[in-house]
Amino acid sequence: ASRCAEKRQLHIEYSRCLDQELEKLQREVSSWENSHLFRLEELEKNTGRGEPLKVFKRSRKQFQLFSTDHCRWQYLALIPDSQAGTAVYKECMLEQLKIQVTVLQQLNY
């Protein structure tokens, strides 16, 4: 969101900037998730232990559900000002994705 801060007063440009940042962070999260999926698939193949992979996949889905709902309630609280709500939703999602990248980067097993 900080890259977009100077565009905050220009709602459409700000929203587009947030969209670009979201897309970039979502790709980064996916890249980290895929890296862990590969490692966990290798772990399963080498040890026969599939539970870590199964639970990791479930945690990915739960993160997506949590993030969406966590940010959606903030959007809904701002209705009927949908422009402000949309910005808050996108800013919230950016924060959630940044946190997830940090978590995924630091996993050590």
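Structure: above.
Let me begin by describing the structure that accompanies this report. The structure displayed is predicted, hence computed values, not measured ones.

Rules behind the numbers
Residues numbered from 1 in each chain as written. Predicted model: local features only at pLDDT ≥ 70, side-chain atom pairs only at ≥ 80, totals over all residues. Heavy atoms only, no water. Phe/Tyr/Trp six-rings, centres within 6.5 Å; stacked < 30°, edge-to-face > 60°. Lys NZ or Arg CZ within 6 Å of the ring centre and 35° of its normal. 1 Å grid on protein atoms, 1.4 Å probe; cavity = no way out; pocket = protein on both sides within 12 Å on 5 of 7 lines; lining within 4 Å. Points joined across faces, edges and corners; volume = space filled by probe spheres on them. Helix = DSSP H or I, 4+ residues; strand = E, 2+ residues; numbered from the N terminus. Expected span 1.5 Å × (residues − 1). Buried < 20%, exposed > 50% of the residue type's maximum accessible area, 1.4 Å probe, protein only. Contact = heavy atoms within 4.5 Å. Salt bridge = Lys/Arg side-chain N within 4 Å of Asp/Glu carboxyl O. Axes fitted to C-alpha atoms, helices over the stretch in contact; angles between N-to-C directions. Parallel < 35°, antiparallel > 145°, perpendicular 65-115°, else oblique. Left-handed = near helix turned anticlockwise from the far one by under 90°. Nonpolar A, V, L, I, M, F, W, Y, C, P; charged D, E, K, R; others polar.

**Thoughts on the packing of aromatic side chains**
Line of reasoning, step 1. Tallying each qualifying case throughout the model produces 0 aromatic pairs.
Line of reasoning, step 2. Lying across the ring of Y109, R39 places its NZ or CZ 4.0 Å from the centre.

**Details of the layout of surface pockets**
Line of reasoning, step 1. Of the pockets and cavities examined, the largest pocket occupies roughly 180 Å³.
Line of reasoning, step 2. Around the largest pocket, the lining residues are R8, Q9, H11, I12, Y14, S15, Q83, A84, T86 and A87.

**Some words on helix 1 (residues 11–47)**
Line of reasoning, step 1. Taking 1.5 Å of rise per residue, the 37 residues of helix 1 would be expected to cover 54 Å, and the 53 Å separating its terminal C-alpha atoms lies within 8% of that figure.
Line of reasoning, step 2. Looking only at helix 1, the buried set comprises Y14, C17, L18, E21, L22, L25, V29, E33, H36, L37 and L40.
Line of reasoning, step 3. Tucked into the core, helix 1 has its buried residues touching helix 2 (51–77) and helix 3 (82–106).
Line of reasoning, step 4. The first or second residue beyond helix 1 is G48, which carries a positive phi of 80°.

**Considerations on helix 2**
Line of reasoning, step 1. The end-to-end C-alpha distance of helix 2, which contains 27 residues, comes to 39 Å, matching closely the 39 Å that a straight helix rising 1.5 Å per residue would cover.
Line of reasoning, step 2. Looking only at helix 2, the buried set comprises L53, F56, F63, S67 and C71.
Line of reasoning, step 3. If you follow the buried residues of helix 2, they end up packed against helix 1 and helix 3.

**Details of the environment of Y89**
Line of reasoning, step 1. The residue Y89 is located in helix 3 in this model.
Line of reasoning, step 2. Taking the C-alpha atoms as reference points, Y89 and L37, separated by 52 residues in sequence, lie 28 Å from one another.
Line of reasoning, step 3. What Y89 contacts, discounting residues up to four positions off in sequence, is T68, C71, R72 and Y75.

**Some points on the pattern of salt bridges**
Any two side chains of opposite charge can pair if their charged atoms end up close together.
Line of reasoning, step 1. Taken as a whole and assessed by the stated rule, the structure comprises 8 salt bridges.
Line of reasoning, step 2. The closest approach of N and O atoms between D19 and K90, which form a salt bridge, is 2.8 Å. Residue D19 is found in helix 1, and its partner K90 is found in helix 3; the two are separated by 71 residues along the sequence.
Line of reasoning, step 3. Here K90 falls in the buried class, since its relative accessible area comes to 11%.
Line of reasoning, step 4. Of the charged contacts, one joins D69 and R72 as a salt bridge, the two residues approaching to 3.5 Å between their closest N and O atoms.

**As for the packing of helix 1 against helix 2**
Line of reasoning, step 1. Running from N to C, helix 1 and helix 2 point in directions that differ by 160°, and their axes come no closer than 9 Å. Between helix 1 and helix 2, the interaxial angle falls into the category roughly antiparallel. Of the two elements, helix 1 crosses helix 2, and the hand of that crossing is left-handed. Here E33, H36, L37, L40, E41, L43 and E44 of helix 1 lie close against helix 2, whose contacting residues are P52, L53, F56, K57 and R60.
Line of reasoning, step 2. Split into classes, the residues belonging to the contact of helix 1 with helix 2 amount to 6 nonpolar, 1 polar and 5 charged.

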